[in-house]
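Chains, contacts and geometry: an overview
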Amino acid sequence: MFILRSVRRGFTFLWRLLDETRRIFINLLFFALLLFLFIGFFGGTKKMEDKTVLMLDLRGNVVEQSTIGTSQLLMREVQGEKKHAIQLRDLISVLNAAAKDSKISSMVLLLDEMDNAGLSTLREIASGLDNFKANNKKIIAWGSRFNQKQYFLASRADEIYMHPMGMVVLEGFGGYKNYYRDALDKLGITVNLMRVGTFKSFAEPFTANGPSTPALEAEAFLYGDLWATYIKDVEGARKLNAGSIMHMINELPNDIKNVKGDLAILALNNKLVDGLKTRDELHQFILQQGAVKDERLKSFRQINYEDYLARQIPAKSLVDGRIGVIIAQGEISEGFAPPGSIGGLSTAELIRKARENDQIKALVLRINSPGGSAFASELIRRELELTRQEGKPVVVSMGDVAASGGYWISMSADEVFADAATVTGSIGVFALLPTADKAMEKMGIHTGGTTTTWLRGGYDPTRPIDPRFAKLIQHGVNHIYVDFINKAAVARKTTPQYIDEVAQGRVWTGRQAKDRGLIDTLGSYADAVKSAAKRAKLPDDVEVEYIETEPKGLERFFKIFESSLNDVLVGQFGLNIFPGGLPPAAAQEAVDDMRWLADMTDRKQMFGAVTHCMCSVP
């Protein structure tokens, strides 16, 4: 017994020792982190010198609003993850500031790590690059290779250089979707679809083995216009003859044979790049062009994007009043949603907050959404309507996508702006109710029971849908569609009959939507802000306030030091705790589609009509 008690005491002592050591280590790590943040925030800003080159190394997706908080960003930095999302408004702010900054002499645009961005977003960034050049400042772009989105921005540079083993990939828009009808039949899953809109093709992957003729017609019309915009912009920026890009693509099999498979030489011959250089050769070239050498960096004098962004302090307006901006990004769901997505209640609450703030004189709603819940969309639209009724102007700015529910929330505005390449419209409604009764039967599983009314068992995913319930849902979908086109008719000052003609679930580019009266003005986000200022009788340079969900707890604390996180943490930690990757794209698409279909079996969704557009542009 004495031996057992001694062993137990020994283990207890050892456990307490380990626990105390762990606590001390965590506390030391925390205080060290605080010290790094303190130094970075209060002492880390170094005065910029003349002839500084802005290194615009874009990493990750370009988004309207970050989906991760500052504390999450900190953790990713600690884990060694360098790539994260870039907020469009931050990038535009950097470009505008650098254009006027006498210390910034030129820019090097690096795009290897830039991932996804829609064409409308790319055009916004390109406009900022053009503004930089308009101030007699040179842009040099370099890449190991360029995909279609990266090259769109590179084309705005004065000179483009590429690695000798690189390539420029221009392939057009469009693509192929997975269709699951046969697979679902084999599994014994029946998808019951109720919809209004000849072109409302969102649910077709679950009900057919291929796209319908109307869907193909609408997509061809949409993609054709987007591609025409892309090649016109690129050919104009590179001073290529009209039709050059299509000629390059069509002649690719012959031309690649002539250069013996050297895709870099092919890009050079086609004047897509101005030279072939490795990264070190690029550095030497920039020094030869007159950049000031920095012995500390063993390169030329430079500042990176994150450091320059951290220096930007929003100018305080001398006039009374501000423009409020609310970002509506992502799918529209009911209830509350975190930043980077849209919740019927949470977004409505932000609009109400702006309306009740006497310093907010006008509101801009920036939309990048394919839609979602019709009910949540209406909650948001109604709050905008109330804002206008109280005398505050509301201006909508559409980003890459403002379709279906994303269009619904635009229908109470004094003016609606869209880019020529925005994907919008998709005025249609559907409901999707899958049942797995045949799958249950195949597995030898049977259901039974009793209900007090037929409605209680009208829809049960384990049983065939009751025809009466299907009719009930179809009538509800019809009603919401009529409500949709009636509200659109009021907003667009036309008739429901006309809206029905251009609706039917069909998607349009911003240019096509303007031609059909579905938007007011082709223009940028900056144009929308200017319009809001003018309507509120405020100057163009009025202060803009982004109205977002307030950070809580530690998130609020880390927010204080946000500008210094990259300065301090990058290079301090080299851990890569989670080295795993995502599944292949095709498999991920199927997983996402099946997850979405499974969500439709939720009883809370039974009576919920959906205004959603499957309108991403590959």
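Here goes a summary of the coordinates provided.

Calculation rules
Chains are numbered independently. Their residues run from 1 in the order of the written sequence. Since the coordinates come from a predicted model, pLDDT governs what is reported: local features require at least 70, and pairs of side-chain atoms require 80 or more to be given and counted, while whole-chain, interface and lining totals use all residues. Excluded from the side-chain calculation are hydrogens and water; included are all heavy atoms of the structure. Strands are runs of DSSP state E lasting at least two residues, helices are runs of H or I lasting at least four, and both sets are numbered from the N terminus onward. Exposure categories follow from relative accessible area, calculated using a 1.4 Å probe and restricted to protein chains: below 20% of the type maximum is buried, above 50% is exposed, and the middle band is partly exposed. Contacts: residue pairs with any heavy atoms within 4.5 Å of one another. Every accessible area reported is derived by Shrake-Rupley at a probe size of 1.4 Å, with residue values counting cover from the shown protein chains alone. Buried Ala, Val, Leu, Ile, Met, Phe, Trp, Tyr and Cys residues form a nonpolar core when they are joined through side-chain atoms within 4.5 Å. When DSSP finds at least two bridges between two strands, those strands are taken to pair. Structural elements are reduced to axes, namely lines fitted to C-alpha atoms, with helices fitted over the stretch in contact, and the angle between N-to-C directions of any two is expressed from 0 to 180 degrees. Roughly parallel here means an angle under 35 degrees, roughly antiparallel means over 145, roughly perpendicular means 65 to 115, and every remaining angle is called oblique. Just so you know the grouping, Ala, Val, Leu, Ile, Met, Phe, Trp, Tyr, Cys and Pro go in nonpolar, Asp, Glu, Lys and Arg go in charged, and all remaining residues, Gly too, go in polar. The term salt bridge refers to a pairing of a side-chain nitrogen on Lys or Arg with a carboxyl oxygen on Asp or Glu at a separation within 4 Å. In protein, a polar contact requires one atom able to donate a hydrogen and another able to accept it; more generally it is a pair of N or O atoms within 3.5 Å, and residues adjacent in sequence count only if both atoms are side-chain atoms. Expected helix span is taken as 1.5 Å per residue step, with the number of steps being one fewer than the number of residues.

The next subject is the overall build of the protein chain. Across its full length, the protein chain holds 24 helices and 24 strands. Buried positions account for 47% of the 618 residues belonging to the protein chain. A fraction of 77% describes how many contacts in the protein chain between residues 6 or more apart in sequence connect residues 24 or more apart. Counting only carbon and sulfur atoms, one obtains 56% of the accessible surface of the protein chain, whose full area is about 31,100 Å².

Time to look at the nonpolar core. Ranked by internal contacts, the top residues of the largest apolar core, which has 62 residues, are L56, L129, Y151, L153, V168, Y230 and Y308. Not counting residues up to four positions away in its chain, the partners in contact with L56 are L91, V94, L95, M107, V108, L109, L110, L129 and Y305. Residues A328, V396, V416 and A488 belong to the second largest nonpolar core, which totals 52 residues.

If you walk across this open sheet you meet the 6 strands as β8-β6-β5-β4-β1-β11, and the pairing is parallel. Of all the strands in the sheet, the pair left with one neighbour each is β8 (275-276) and β11 (302-304). Bridge count for strand β4 (residues 104-110) against strand β5 (residues 138-143) is 5 bridges, and the pairing is parallel. Residue pairing across strands places L110 opposite W142, the latter belonging to β5. Contacts between helix α3 (residues 88-100) and the sheet are confined to β1 (52-57) and β4, with β1 contributing the most and set at about 160° to the helix. Helix-sheet contacts for helix α4 (residues 119-134) involve β1, β4 and β5, and the interaxial angle to β4 is about 150°.

Relative orientation of the contacting elements helix α14 (residues 344-356) and helix α15 (residues 374-389) amounts to 5°, with a least axis distance of 8 Å. Between α14 and α15, the interaxial angle falls into the category roughly parallel. Within the contact between the two elements, α14 uses G344, L345, T347, A348, I351, R352 and R355 and α15 uses A376, L379, I380, E383, L384, L386 and T387. Within the contact of α14 with α15, the residues separate by chemical class into 8 nonpolar, 3 polar and 3 charged.

A complete count under the given rule lists 27 salt bridges for this structure. Two residues, E548 and R89, come together in a salt bridge whose shortest N-O distance is 2.9 Å. Taken together, the positions of E548 in the loop between β23 (544-546) and α22 (553-560) and R89 in helix α3 put the pair 459 residues apart, joining distant regions of the chain. Measuring nitrogen to oxygen at the nearest pair gives 2.7 Å for the salt bridge that ties R492 to D520. Of this pair, R492 sits in helix α18 (residues 467-492) while D520 is found in the loop between α20 (510-515) and β22 (521-522), placing the two residues 28 residues apart along the sequence. R492 sits in the buried class, given a relative accessible area of 15%.

Turning to the side chain of T52, a few remarks are in order. The topology assignment puts T52 in strand β1. By relative accessible area, which is 3% here, T52 ends up buried. At 2.6 Å, the side chain of T52 and the backbone oxygen of E49 are in polar contact.

Glancing now at the environment of G60. Structurally, G60 is set in the loop between β1 and β2 (62-63). With 53 residues separating them along the chain, G60 and E113 place their C-alpha atoms 6.2 Å apart.

To continue, consider α4. Over its 16 residues, α4 extends 22 Å from the first C-alpha to the last, a length consistent with the 22 Å expected when each residue adds 1.5 Å. When we look at burial in α4, the residues that qualify are L119, S120, T121, L122, E124, I125, A126, G128, L129 and F132. Directly beyond the C-terminal end of α4, a positive phi value near 60° is found at N136.

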